[in-house]
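A look at the structure
Below, each chain spelled out in residue letters.
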Amino acid sequence: MTDTIAEPVASLTRKDFVSDQEVRWCPGCGDYAILAQMQKVLAEIGVPREQTVFVSGIGCSSRFPYYMDTYGVHSIHGRAPTLATGIKAVNPDLTVWVVTGDGDGLSIGGNHLIHCMRRNVDVKILLFNNRVYGLTKGQYSPTSLQGHRTKSTPMGSIDYPFNPMSVAIGAEATFVARTQDTNTKHLQEILRRAAAHRGTAFVEIYQNCIVYNPTAWDHTTDSSVRDDNIVYVEEGKPLVFGRDNDKGIRINGMIPEVVDVANGATDELAIHQGSLNNSSYAYMLSRMQHPEFPLPFGVLRDVSRPAYTDLLVDQVKDAMNSGDADLNALLHSSDTWVVE
Amino acid sequence: MAEPPASESSAVNAEMVRLMDSVVVRFSGDSGDGMQLTGDQFTNTSAVLGNDISTFPDFPAEIRAPAGTLAGLSGFQVNLAASDIYTAGDAPLVLVAMNPAALAANLADIEPGGVVIVNEDAFTRNNLRKAGYDANPLDDDSYLQGYELHRVPLTTMTRAALDDLDELSNQQKDLCKNAFALGLAFWLFDRPMHTTLAFYQEKFGKRPQVVEANTRALKAGYAFGETTEGFQSRLSVPSRTDDVPPGTYRRITGNEAVVLGLVTAAQKANKTLFYGSYPITPASPILEGLAALKRFDVRTFQAEDEISAIGSVIGASFAGAISVTASSGPGVSLKSEGMNLAIVMELPLVVVNVQRGGPSTGLPTKTEQADLLSVLYGRNGESPIPVIAAATAAECFEMAIEACRIAVRHMTPVFLLTDGYLANSSEPWLLPDLDLIEPIHIEHRTDPVGYQPYMRDEATLARPWVVPGTPGLEHRVGGLGKQDVTGNVSYDPQDNEHMIKTRAEKVARVADFLPPLDVFGPDQGDLLVVGWGGTYGAIRSAVEQAQSEGRSVASCHLRHLNPLPKDLGNILSRYRHVLVPELNMGQLSMLLQARYPVRVIGLNKVQGQPFRIREIVAKINDILT
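Residues numbered from 1 in each chain as written. Chains lettered and ligands numbered in written order. Predicted model: local features only at pLDDT ≥ 70, side-chain atom pairs only at ≥ 80, totals over all residues.

1. Overview of the overall build of chain A
Inclusion rule: Elements are defined by DSSP. Helices are runs of H or I of four residues or more, strands are runs of E of two residues or more, and each kind is numbered from the N terminus. Every radius of gyration here is taken over C-alpha atoms, with the globule rule written as 2.2 Å times N^0.38, N being the number of residues. Counting other C-beta atoms within 10 Å of its own, a residue is labelled buried from 20 upward, exposed at 12 or fewer, and partly exposed in the gap between, with every C-beta atom placed from the backbone. By the criterion used throughout, residues are in contact when their C-beta atoms, derived from the backbone, lie within 7 Å.
In terms of regular secondary structure, chain A is built from 11 helices and 12 strands. In summary, chain A has a C-alpha radius of gyration of 22 Å against a globular reference of 20 Å for 340 residues, a match within 12%. Dimensions of chain A along its principal axes, counting C-alpha atoms only, are 90 × 45 × 45 Å. Going through the 340 residues of chain A one by one, you find that 47% of them count as buried. Across chain A, every contact between residues at least 6 apart in sequence was considered, and the portion connecting residues at least 24 apart equals 66%.

2. With respect to the domain arrangement of chain B
All names here are of chain B. Operational definition: Reported domain spans reflect what an automatic or database domain assignment gives. Residue classes follow a fixed rule: Ala, Val, Leu, Ile, Met, Phe, Trp, Tyr, Cys and Pro count as nonpolar, while Asp, Glu, Lys and Arg count as charged, and any other residue, Gly among them, counts as polar.
Once the domains are mapped, chain B shows domain 1 (6-236), domain 2 (250-436) and domain 3 (525-624). The straight-line distance from the C-alpha centre of domain 2 to that of domain 3 is 25 Å. Facing 24 residues of domain 2, the contacting portion of domain 3 comprises 19 residues. Within the residue set of the side of domain 2 that touches domain 3, elements represented by two or more residues are α14 (372-377), β14 (387-389), β15 (413-419) and α16 (420-424). Of the residues contributing to the side of domain 2 that touches domain 3, the split by class is 17 nonpolar, four polar and three charged.

3. Focus: the interface of chain B and chain A
What counts is decided by this rule: Strand pairing requires that DSSP identify at least two bridges connecting the strands.
Opposite the 57 residues of chain B that make contact, chain A presents 48 residues. When contributions to the side of chain B that touches chain A are tallied by element, the ones reaching two or more residues are α1 (35-48), β9 (247-253), α9 (254-268), β10 (273-277), β11 (298-302), α11 (306-318), α13 (336-345) and β17 (476-478) of chain B. Among the elements that line the side of chain B that touches chain A, the one with the most residues is α11(B), at nine residues. Per-class residue counts for the side of chain B that touches chain A are 26 nonpolar, 20 polar and 11 charged. Of the strand pairs in this sheet, strand β12 (residues 336-339) of chain A and β9(B) are connected by four bridges, and their pairing is antiparallel. Bridged to A:Val338 within β9(B) is B:Thr248.

4. Quick look at the pairing of strand β5 (residues 94-97) of chain B
All names here are of chain B. By the alternation rule, side chains of β5 split into Val94 and Val96 and Leu95 and Ala97, which are all buried. In the sheet, strand β2 (residues 22-30) pairs with β5 via four bridges, with the strands oriented parallel. Within β5, the position partnered with arginine 26 by the bridge is leucine 95. Across four bridges, the pairing between β5 and strand β6 (residues 115-119) is parallel. When the sheet's bridge partners are listed, leucine 95 is paired in β6 with valine 116.

5. Details of the nonpolar core
Rule in force here: Under the definition applied here, buried Ala, Val, Leu, Ile, Met, Phe, Trp, Tyr and Cys residues are grouped into a nonpolar core through C-beta atoms within 7 Å.
Grouped together as the largest cluster of nonpolar side chains are 260 residues, with contacts concentrated most on B:Leu273 and B:Ala400. The element best represented in this core is helix α15 (residues 395-410) of chain B, accounting for 10 residues. Filtering out sequence-adjacent residues up to four positions away, B:Ala400 remains in contact with B:Val258, B:Gly261, B:Leu262, B:Ala265 and B:Leu416. Membership of the second largest hydrophobic core comes to five residues, among which are A:Val132, A:Tyr133, A:Tyr140 and A:Cys209.

6. Focus on helix α4 (residues 110-119) of chain A
Since the α-helix packs 3.6 residues into each turn, any two residues three or four apart lie on the same face. Here α4(A) lies mainly inside the structure; seven of its 10 residues are buried. Looking only at α4(A), the buried set comprises A:His112, A:Leu113, A:Ile114, A:His115, A:Cys116, A:Met117 and A:Arg119. For α4(A), the elements touching its buried residues are α2 (80-90), α3 (102-108), α5 (164-170), β6 (201-206) and α10 (308-322) of chain A together with α11 of chain B. Of the residues trailing α4(A), A:Asn120 is marked for its positive phi of about 65°.

7. Observations concerning the packing of helix α4 (residues 154-161) of chain B against helix α6 (residues 177-188) of chain B
Residue and element names in this part refer to chain B. Operational definition: Note on geometry: axes are lines fitted to C-alpha atoms, helical ones only across the stretch in contact, with angles between N-to-C directions running from 0 to 180 degrees. Each angle receives one of four descriptions, namely roughly parallel if under 35 degrees, roughly antiparallel if over 145, roughly perpendicular if within 65 to 115, and oblique otherwise.
Here α4 crosses α6 at 100°, and the two axes come no closer than 9 Å. Considering their axes alone, α4 and α6 lie roughly perpendicular with respect to each other. For the pair α4 and α6, contact is made by Leu154, Thr155, Met157 and Thr158 and by Lys177, Phe180 and Ala181, respectively. Residue composition of the contact of α4 with α6, grouped by class: four nonpolar, two polar and one charged.

8. Examining the sheet that holds strand β16 (residues 426-430) of chain B
What the three strands build is an open sheet, ordered β12(A)-β9(B)-β16(B); its pairing is antiparallel. Only two strands of the sheet have a single neighbouring strand rather than two, namely β12 of chain A together with β16 of chain B. The average angle at which neighbouring strand axes cross in this sheet is 35°, direction not considered. Across five bridges, the pairing between β9(B) and β16(B) is antiparallel. For B:Tyr249, the partnering residue across the bridge sits in β16(B) and is B:Leu430. Most of the contacts of α1(B) go to β9(B), to which it runs at about 165°, and overall it touches β12 of chain A together with β9 and β16 of chain B.

9. Quick look at the pairing of strand β21 (residues 575-582) of chain B
Residues and elements named next belong to chain B. Filter applied, for reference: Place the viewer so that the strands point away; then a crossover is right-handed whenever the path from the first strand over the helix to the second strand goes clockwise.
Taken across its eight residues, β21 has six buried, putting it largely inside the fold. Across four bridges, the pairing between strand β18 (residues 525-532) and β21 is parallel. Paired with leucine 527 across the strands is histidine 577, a residue of β21. Taken together, the five bridges between β21 and strand β22 (residues 600-604) define a ladder with parallel strand orientation. Directly across from valine 578, in β22, lies its bridge partner valine 600. In this fold, β21 hands off to helix α20 (residues 587-595), which returns the chain to β22; that crossover is right-handed.

10. Re the environment of A:Thr100
All names here are of chain A. Its location among the elements puts threonine 100 in strand β3 (residues 95-101). Note on threonine 100: 29 C-beta atoms within 10 Å, which makes it buried. Ignoring anything within four residues of it in the chain, the contact list for threonine 100 reads Ser56, Gly57, Ser61, Ser62, Ala80, Gly105, Gly109, Ile125 and Leu127.

11. A short note on the domain arrangement of chain A
Residue and element names in this part refer to chain A. Along its sequence, chain A is organised into domain 1 (14-237 + 273-319) and domain 2 (241-271). On the domain 2 side, the residues contacting the 11 residues of domain 1 number eight residues. Going through the elements one at a time, α8 (226-229) and β7 (230-233) are the ones with two or more residues in the side of domain 1 that touches domain 2. Tallied by class, residues from the side of domain 1 that touches domain 2 come to six nonpolar, two polar and three charged.

12. Here we look at the sheet that holds strand β11 (residues 295-302) of chain A
With mixed pairing, the nine strands of this open sheet are ordered in space as β7(A)-β11(A)-β5(A)-β6(A)-β4(A)-β3(A)-β1(A)-β2(A)-β17(B). Of all strands in the sheet, those bounded by a partner on one side alone are β7 of chain A together with β17 of chain B. Sheet twist, expressed as the mean angle between neighbouring strand axes with direction ignored, is 20°. Pairing of strand β1 (residues 52-56) of chain A with β3(A) involves five bridges; the strand directions are parallel. Considered in β3(A), the bridge of A:Thr52 is made with A:Thr95.

13. Considerations on α6(B)
Residue and element names in this part refer to chain B. The following threshold applies: Expected span of a helix: the number of residues minus one, times 1.5 Å.
Between the first and last C-alpha of α6 there are 16 Å, a value that for 12 residues agrees with the 16 Å anticipated at 1.5 Å per step. Of all 12 residues that make up α6, 12 are buried, and the element is covered over most of its length. Within the span of α6, buried status applies to Lys177, Asn178, Ala179, Phe180, Ala181, Leu182, Gly183, Leu184, Ala185, Phe186, Trp187 and Leu188. Of the residues one or two after α6, aspartate 190 is the one with positive phi, at around 55°.

What follows is the structure, encoded as structure tokens:
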């Protein structure tokens, strides 16, 4: 284990992060775009490859580590946060990314996901949300909408879906953001900010499954409607959206409402404050759902709280510095007697 | 104040002392009566005096089951001896029963002629009913015929001794009645009180009145013994004079020994010890024990569930720590998917399974050995894993080190089996000379030239343990089928079979490193008793007894269950009969019969209780007559 975080490596390029493995996602899968931006952002940030670990579970998204020329573990279904926790606990200097999906992270691995966020383990979690099970060929997922017809819901899903942003905020995550696979610049910016966060950074990435759920995100990708369906949140700025920036979000009591922005007058609009310790505002934002509201994109919440893995290592260091680590004395630390 | 004890008529001379080679004492009371603490103190004092000791606590799963009921009983049995003993004994000679339920549950176990001390105050109508008595059995001469009964008003006398301690409520005073009982036991066995008095000071030092109350109750119990004329004799178990290896000893339970063994292993490897675990009976004391040892670079993680615990340990191993989790049956079941990932990733880690009575939630606080086949075979696919088992509480120390050693030498997860009996029972432990424990040599490859994730050591077939942070050796591993050497994902049929055979061969080669088996007794003969795990003491004692009766019997105790030692087959072939006593329905028997041309006679028991020596002796006699 090293004691200092390595200096940024200035000379890295995207290619340094491309592994020798053939990428095997379906043609047109949103995962390609995410992979490319991830490789690009890591090169920009300059984290040494050997200091970077990608951990995944099971599912299409979980093949991600094979394609990154870093350290990586393709683990078992839903358990990536647990491996990531162990890795960080032993070597907190590593940068650890968890790649998961809506099924892996929110269904079979739901328990690990919420506890990882609650503890604020210093890992970056990318949840690729395509609202369907891809690798098992098209069953509904915990983010599929009610009524969604799939092979396992021929009459439409009767499961009420999770909203990943709300789950993360409810689970005490300190960094919660949403972006989209094909929204290249925004995706890059969110990955950069996630990388810079100390603690759990949870990023929901709307990701298109071209085979089993190709229309899931049309409302956020179709250029004719997407601007009316997304509000980009930026710290300290009013919540304005719409093709002509002609709409905004006002908070009436505890309820958000869409209002027209007349002549650019934004005085009555909500000002984004992702850094509020109180999570009520961020939660309220997360509840804005299509089609009644524009979907919030960007960093909904970004607060500072000591990371579990740092606290753990601090306690151990304190004990090692102050305690007398004499193994022989430990063995004798009980009533003893001597046989001559 | 107290009436004189009822057995006045039989009073002879309280100064008469019966010298005994060994005595078994059982304390039994409500789970809130402090029986474990009482037993512990009695044992510590005896151990320090130089007796051999072996203890067996037996308590319910409920923290405070309804007072006065059979379900709520907590018992502590200790065997004190002037020579080598291996179990807590079959039948107590002395019973201290704090209430009617304790008498009802234990009387049948007591040796004929044994001493029965009861808290007479607790024999109320209500308590009698809860224990299932229609009438007070103390008044029924035939019920207790053949026992030396002492009716002691423990509660009344304790209250009287603490009368003027105004800060304490009556309830708090009554909690001290175990100290009174302990004081009486100290008198009965002629033991000094200073070890316990020092313990009270240490444990309750911040509450002077509690120290005072326990001190007074203890002394009052002792004084009661001295002044009463009720006891036919005092009992004395002299210090050991047999050939005891010289050195410093302490008393230790199996769980404590696992804790110390794991820390020692990590220190011998010059490594961080990562321990990820979810609380479960009877394994939790390992988590608690390690959590207090951060100064040895021990990092404990109380996970959200058993699956997270094994996942964290796999991650920690990937990152380069000595990585360990522990659990018991239900939790180990939950870890099986993770175990398989560790097997396929070929990462070193240790899973301690403190076996308890199953199936399902089963008997959480009771012992069993019924997880052997499940740890060997209870995972999907062909997934061989080394399995070792500790034979005694103290041996858990070296077996914990052995498990770590195998894991890192062969790059594999390892199961260490203990059980509820070993976990909680205690015995003297000769403290090891740490300098004589071999270092655990670990080499993390740093040379990128020619590196492949699944290249293998020629002797062991272990792959290199490369940890993140090492430049130029970045690699990916996972649970998918893979190609040997490169570790690349592969669904090729030949690759899959090759990897399965290679992993099996890797585990089989652990046997190259095992010492020859010890056989206790003749190296050929009529009967070989083969055991594994916590039955060691009962088997050893039974075989000794049979040998002393002239029988041609030997025993052989297995510490390594996968792979089995190479010399086992030959040993098995040298005896006319093979007996395998197990606290399961015949799991090792099945393995031995599948592996060797041997017919095994099983002795099987699944009652949540360890074997009694006499049960095994009876079986031996049965086979040989």
